[in-house]
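Tertiary structure, described
For reference, the chains in residue letters:
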Amino acid sequence: MLRKLIMDRIKQYCDSKNINDVLITDIKSFNGTQIKNQQPPSRTELELASKVWIDASYDPIAVKLKPWSQIISLIKTANKNTKVLSSDFSYWYKTDSEIIYCPFWFLNVYPFRSFKVKDQRRFKFSCLNRELKPHRLMHFCLFYESEYLPYSCIGYYGKATYITYSADQERRIEQILKFCNDPYITETYNKLKHLVPYAPYEPGYAGYNDHSLNHQAYTNTYINVVTETSCDFTNVFPGSEEAIITEKTVKPLLARQMFIMASQTGSVQFLRDLGIDMFDDIIDHSYDNIQGFKPKTYAIHAELQRLSKLDLETIFKQNRSRLEANYNRLFDTEFKDLAAKQLITG
């Protein structure tokens with residue numbers, strides 16, 4: 001369902017820009033894992049298209065790996081004007097790549113156009129962490145041991161099924177702790193692991209990602225700590241250097257929140273380049289230039305410690321118009337054209 005929605009949104013945007021005769025197809029339909037009602041196009045369809053776009057915006061890592069790279073090469077024998085759509089924003093800065101940036105999550109904000117928020121909020125910080133990733137485990141530990149935990153809405157599910165643990169998940173946690181190579185984090189996690197899944201503000205929710213804003217982390221919090229899919233770590237998952245912006249980043253903008261990006265180096269600058277107000281006069285985003293997820297994570301919590309001393313309710317009220325401007329920018333045609341510039345020129 002989500003994959004079909006992705007392609008529908010891309011097609012709608014192309015139609016609005018009079019980008020015609022483009023065949024957009026999902027890479028999985030060529031790889032034997034067909035999405036519902038989506039069959040791979042025939043060779044004739046590929047040959048007749050002015051352009052062929054292979055949507056891999058949900059998995060920019062895999063397009064570089066076999067067998068998908070082989071599939072892409074095969075498609076190009078039918079149509080040389082073939083591009084791969086990726087959610088890796090580093091391609092937004094490139095002009096001569098066969099992989100182009102597709103800002104799906106910036107094109108998919110229409111359901112939230114009338115989303116309402118309240119001015120007075122309970123929590124200073126929020127940080128939701130679902131799948132197992134090194135930076136997310138570190139944030140859970142550092143939040144839990146911090147003096148600002150009482151006014152933080154955090155969650156750490158620490159598993160992939162979100163229902164029960166498995167031996168494989170335990171092994172992954174051991175691998176992540178080994179990769180972190182941080183005695184304090186290892187000691188802290190071992191002390192806290194009996195609490196996992198940790199979700200004190202969502203009883204019965206169990207970490208399910210419905211891509212909505214129906215959570216106090218968005219509706220009842222001033223500053224969101226976004227733990228994106230990648231965060232300057234390598235050798236954990238293949239291609240983990242990918243610079244990905246997902247719904248995790250879009251949600252705080254929709255919820256009129258200030259936010260901190262626990263993500264790939266350059267993520268904050270990318271959002272600035274798109275005209276997003278990152279509230280640099282309030283939040284020190286120098287962590288965005290730090291290489292490596294460990295020092296970046298510690299730098300973020302040093303900034304949270306400083307921010308925790310501020311009157312965030314007053315700051316929020318004084319800057320409400322700026323937060324609204326960020327929200328409105330997501331729906332602005334100029335913003336979408338800027339984010340999707342490679343779809344227009346590609």
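Reading the values: the criteria
- The numbering scheme is per chain: residues are counted from 1 as the chain's sequence reads.
- Owing to the predicted nature of the model, reporting of local features is limited to residues with pLDDT of at least 70; listing and counting of side-chain atom pairs is limited to 80 or more, with chain, interface and lining totals taken over all residues.
- Only hydrogens and water are set aside when side-chain values are computed; all heavy atoms of the structure are taken into account.
- Pairing between two strands requires that DSSP report at least two bridges joining them.
- Only DSSP runs of H or I covering at least 4 residues are called helices, and only runs of E covering at least 2 are called strands; the numbering of each starts at the N terminus.
- Comment: axis = line fitted to C-alpha atoms, over the contacting stretch for helices; angle = value between 0 and 180 degrees taken between N-to-C directions.
- Take the far helix as your reference; a near helix turned counterclockwise from it by less than a right angle gives a left-handed crossing, and one turned clockwise gives a right-handed crossing.
- Residues are treated as being in contact if the distance between any of their heavy atoms lies within 4.5 Å.
- Amino acids are sorted into nonpolar (Ala, Val, Leu, Ile, Met, Phe, Trp, Tyr, Cys and Pro), charged (Asp, Glu, Lys and Arg) and polar (every other residue, Gly among them).
- Salt-bridge detection follows one rule: a side-chain nitrogen of Lys or Arg within 4 Å of a carboxyl oxygen of Asp or Glu.
- Only protein chains enter the area calculation, which uses a 1.4 Å probe; residues under 20% of their type maximum are buried, those over 50% are exposed, and those in between are partly exposed.

In a beta sheet, neighbouring strands are held together by backbone hydrogen bonds and run either parallel or antiparallel to one another. Spatially, the 4 strands line up as an open sheet ordered E1-E2-E3-E4, and their pairing is parallel. A strand with exactly one partner marks an edge of an open sheet, and here the two such strands are strand E1 (22–26) and strand E4 (99–101). Within this sheet the neighbouring strands show an average axis-to-axis angle of 30°, counted without direction.

Turning to the packing of helix H5 (residues 134–144) against helix H11 (residues 293–307), a few remarks are in order. Contact geometry for H5 and H11: axes closest at 10 Å, N-to-C directions at 35°. Handedness of the H5/H11 crossing: right-handed. Where H5 approaches H11, its residues Pro 134, His 135, Met 138, His 139, Leu 142 and Phe 143 are matched on the opposing element by Phe 293, Lys 294, Thr 297, Tyr 298, Ile 300, His 301 and Leu 304. Here the residues of the contact of H5 with H11 are counted per class, giving 8 nonpolar, 4 polar and 1 charged.

A full pass over the atoms with the stated rule returns 17 salt bridges. Its salt-bridge partner being Arg 320, residue Asp 119 comes within 2.0 Å of it at the nearest N-O pair. Here Arg 320 lies in helix H13 (residues 320–329) and Asp 119 lies in the loop between helix H4 (104–107) and strand E5 (123–129), a separation of 201 residues in the sequence. A salt bridge links Arg 130 to Glu 131, with the nearest nitrogen and oxygen atoms 3.7 Å apart. By relative accessible area, Arg 130 is classed as partly exposed at 22%. One connected set of salt bridges, linked through shared partners, spans Asp 119, Arg 256, Arg 320 and Glu 324.

Reading across the sheet, the 4 strands line up as E6-E5-E7-E8 and stay open at both edges, with parallel pairing between neighbours. What marks the edges here is a single partner per strand, and that holds for strand E6 (152–156) and strand E8 (258–262). Across this sheet, the average inter-strand angle for adjacent strands is 15°, counted without regard to direction. Pairing of strand E7 (residues 221–227) with E8, which is carried by 5 bridges, proceeds in the parallel orientation. Within E8, the residue paired with Asn 224 across the bridge is Phe 259. On the sheet, H11 packs against E5, E7 and E8 and is oriented at approximately 160° with respect to E8.

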